[in-house]
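# Understanding the architecture of this molecule
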Amino acid sequence: MAVTTTAVPVARRVSGFTYAIRNIVAEARKVEAAGRTVRYLNIGDPIPFGFKTPPHLIEAVDRAMRDGQNGYTPSPGIAEAREAVAHDFTARGLPTVADRVLLTSGTSEGIELTLGALANEGDEVLVPTPTYPLYTAVLAKIGARAVYYRTDPTRGWLPDLDHIRRLVSPATKALVVIDPNNPTGAVYPRDVRLALLEISDRHAVPILADEVYGDLAYDGSVAPIGSLNPDALIVSFSSMSKAYLAPGWRAGWLAVGRSERLDGVLAAIKKLADGRLCSPGPMQYAITAALTGDRSHQVAFRAALRERAALTTAALNAIPGMSCVEPKGAFYAMPKVELPPGRTDEDYVLSLLREAGVLCVYGSGFGTKPEDGFFRVVFLAEPAELRAIYAAMADFTAVYLSR
Ligand SMILES: Cc1ncc(COP(=O)(O)O)c(C=O)c1O
């Protein structure tokens, strides 16, 4: 029999771990329970919006399972898929070998393993603002500090390079670069990428290159940043989640740059990866199929995204009090609403949810200031549906800004 009714305490680190993209769903469920339909523009998953996983990838998983490939794999992944990833990087201008590639449970696990391998408690990692929030969440968990560098909406959401230079310190252990970017849709031009490489080189701070949207820039795939200098200190991450339309499979990879200065990091990542045994096995076979087979679905996907990006920007910029930088890749936009004094981005987003049944994520969940009025829109829905959503947002925003 229990001698006490006190709740079991949880670790302090949990309070620092926030992930607004999913946290906000609890609010949406309450709104649904009250009888209102909610349109979900919060999660970057193409599947619920009707985009289909290419059949040859499904066949590869199916075949692997039927062939009995249902056991653990080696912890860095099966050899043939690691070869395929290495070959793909090499073909894109970043020569690498299978030994420097690991298969991971999505980009997410690659990020977590690498931050775990690089940063001690109290160390600093430079993270863009706004950022994909997993970086700050993982850093909170391991007790390291996210130090935000600005990306600038008045310059197409490009990184503020001088700000990065000022923030680098002896405690800096990594520089996170997300390109093409979530949540802003920015795609960085060559001069910016070269400047990021120069900063990394000068301070011996490795770049964590989140390239999960690399094939979803509307003007065509962007090469990995490491292709501009294959000797740079880089760990590059990607997955099947976005450009191969299979996010639920948790099939990703990372490649550690060829510089010998990264050998210790590679060994540390492998050591940490041993502990989690392997990423999902049958899905590793689909990675080979994805990187060696037909990619024509990406042409259609990019065209669909370009159309939605243009529609989104036009509709949101037409709303009085709102402005939106046009995305150049991925499926996100980061509009700004001019908030009346005293209001926050979260207040706007929650009111939009409760009064118009549209769920977005407030910018402060990505690290922007609450009073700045940024929020993120996922524009994967059909164009007609998006038009209806933006019309509802326009009506709501007019009322919201007038009270
Ligand atoms: C920038 C960025 N990195 C990583 C991820 C996680 O992707 P994965 O499904 O590959 O873990 C996402 C997912 O939205 C993302 O937007």
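Whatever comes next refers back to the structure up there.
Residues numbered from 1 in each chain as written. Predicted model: local features only at pLDDT ≥ 70, side-chain atom pairs only at ≥ 80, totals over all residues. Heavy atoms only, no water.

### Some thoughts on helix α2 (residues 25-33)
The following threshold applies: Exposure is judged per residue with a 1.4 Å probe applied to protein chains only, and the accessible area is read against the type maximum: over 50% gives exposed, under 20% gives buried, and values in between give partly exposed. Numbering of helices and strands runs from the N terminus; a helix is a DSSP stretch of H or I covering at least four residues, while a strand is a stretch of E covering at least two. Starting at the helix axis, one direction is taken to each C-beta atom, and the arc is that of these directions. Contacts are assigned to residue pairs that have any heavy atoms within 4.5 Å of one another.
Taken together, the buried positions of α2 are occupied by V25, A28 and V31. Taken end-on, α2 shows its buried residues confined to a sector of 110 degrees, consistent with a single buried face. More than 90 degrees from the buried face of α2, the exposed residues found are K30 and A33. Each element contacted by the buried residues of α2 is listed here: α1 (20-23), β1 (39-40), α12 (345-356) and β13 (358-359). Of the residues trailing α2, G35 is marked for its positive phi of about 100 degrees.

### Concerning the site of the ligand
For clarity, the cut-off: A molecule or strand has a residue near it when one of that residue's heavy atoms lies within 4 Å. Under this definition, polar contacts are N or O atom pairs within 3.5 Å; protein pairs additionally need one hydrogen-donor-capable and one acceptor-capable atom, and for neighbouring residues in sequence, both atoms have to be side-chain atoms. Residue exposure ignores everything except the shown protein chains as possible cover, and the areas themselves are Shrake-Rupley values with a 1.4 Å probe. The method works on a 1 Å grid over the protein atoms by themselves. A cavity is a set of points holding a 1.4 Å probe that cannot get out, a pocket is an open set with protein on both sides within 12 Å along at least five of seven lines, and residues with an atom within 4 Å of a point line them. Any molecule with more than half of its atoms within 2 Å of a cavity's or pocket's grid points is counted as sitting in it.
Around the ligand, 14 residues are found, and the nearest of them are S108, N182, D210, Y213 and S241. Measuring from an oxygen atom of the ligand, one finds a side-chain N or O atom of Y213 at 2.6 Å. One nitrogen or oxygen atom from the side chain of S239 is found 2.7 Å from an oxygen atom belonging to the ligand. For the ligand, whose accessible area on its own is 390 Å², the fraction buried by protein is 94%. Assessed atom by atom at 2 Å from the grid points, the ligand resides in the largest pocket.

### As for helix α11 (residues 297-317)
Selection rule: What a helix should span is 1.5 Å times the count of its residues minus one.
End to end, α11 covers 30 Å across 21 residues, agreeing with the expected 30 Å (1.5 Å per residue, within 8%). Among the residues of α11, those classed as buried are H297, Q298, F301, R302, A304, L305, R308, A309, L311, T312, T313 and L316. Of the surrounding secondary structure, the elements contacted by the buried residues of α11 are β10 (322-323), β11 (332-333), β15 (375-378) and α13 (383-402).

### Some points on the side chain of T172
Tracing the backbone through its elements, the reader meets T172 in strand β6 (residues 172-178). Accessibility expressed as a relative area gives 6% for T172, which makes it buried. For T172, the contacting residues outside a window of four places in its chain are E124, L126, L167 and V205.

### As for the pattern of salt bridges
Applied cut-off: Salt bridge, as used here: a side-chain nitrogen of Lys or Arg that lies within 4 Å of a carboxyl oxygen of Asp or Glu.
Using the criterion set out here, one finds 20 salt bridges in the structure. For E112, the salt bridge identified is with K141, shortest N-O distance 2.6 Å. Here E112 is found in helix α5 (residues 106-118), whereas its partner K141 is found in helix α6 (residues 134-142), with 29 residues between them in sequence. Residue classification places E112 among the partly exposed positions, given a relative accessible area of 32%.

### Describing the sheet that holds β11
Spelled out, the test is: Here a strand pair is declared whenever DSSP counts at least two bridges between the two strands.
A sheet is described by the order of its strands in space; here three strands give the open sequence β11-β15-β14, paired in antiparallel fashion. Taken across any chain shown, the strands that pair with only one partner, and hence form the sheet edges, are β11 and β14 (361-362).

### Here we look at unusual backbone geometry
Cis geometry marks the peptide bond from T129 to P130; its omega dihedral reads -5 degrees. Here P130 is to be found in the loop between β3 (124-129) and α6. Of note in the backbone geometry, L277 takes a positive phi value of approximately 65 degrees without being a glycine. Following the sequence through the fold, L277 ends up in the loop between α9 (263-274) and α10 (281-292). With a relative accessible area of 40%, L277 lands in the partly exposed category.

### Points about empty space enclosed by the protein
Short version of the rule: Grid points are joined across faces, edges and corners, and a volume is the space filled by probe spheres set on the points. Gly is put with the polar residues, along with every residue not named as nonpolar or charged; the nonpolar set is Ala, Val, Leu, Ile, Met, Phe, Trp, Tyr, Cys and Pro, and the charged set is Asp, Glu, Lys and Arg.
This structure, assessed with the given rule, holds one cavity of 30 Å³ or more. Size it by volume and the largest cavity reaches roughly 220 Å³. Taken together, 21 residues form the lining of the largest cavity, with D88, R92, E211, D215 and S238 sitting closest to its centre. Those elements that provide at least two residues to the lining of the largest cavity are α4 (79-91) and β8 (234-239). Tallying contributions element by element places β8 first for the lining of the largest cavity, with four residues. Here the lining of the largest cavity is built from residues that sort into eleven nonpolar, four polar and six charged.

### Examining the layout of surface pockets
A volume near 600 Å³ is recorded for the largest pocket. If you go around the largest pocket, you meet 31 residues; those closest to its centre are Y19, S108, Y132, K242 and R250. Among the secondary structure elements, those contributing two or more residues to the lining of the largest pocket are α1, α5 and α6. At six residues, α5 tops the list of elements feeding residues into the lining of the largest pocket. Across the lining of the largest pocket, the residue classes break down as 13 nonpolar, nine polar and nine charged. Together, 15 residues line the second largest pocket, and T129, R150, T151, T368 and D372 are the ones closest to its centre. Counting residues per element, the lining of the second largest pocket draws most heavily on strand β4 (residues 145-152), which supplies four residues. Within the lining of the second largest pocket, the residues separate by chemical class into five nonpolar, four polar and six charged.

### Re the pairing of β6
So the rule is basically this: Place the viewer so that the strands point away; then a crossover is right-handed whenever the path from the first strand over the helix to the second strand goes clockwise.
Taking burial as the measure, the seven residues of β6 include six buried ones, the bulk of the element. In terms of strand pairing, β3 meets β6 through three bridges, oriented parallel. Within the sheet, the bridge partner assigned to V125 lies in β6 and is A174. Taken together, the four bridges between β6 and strand β7 (residues 207-210) define a ladder with parallel strand orientation. Bridging from a neighbouring strand, V177 pairs with A209 of β7. In this fold, β6 hands off to helix α8 (residues 190-203), which returns the chain to β7; that crossover is right-handed.

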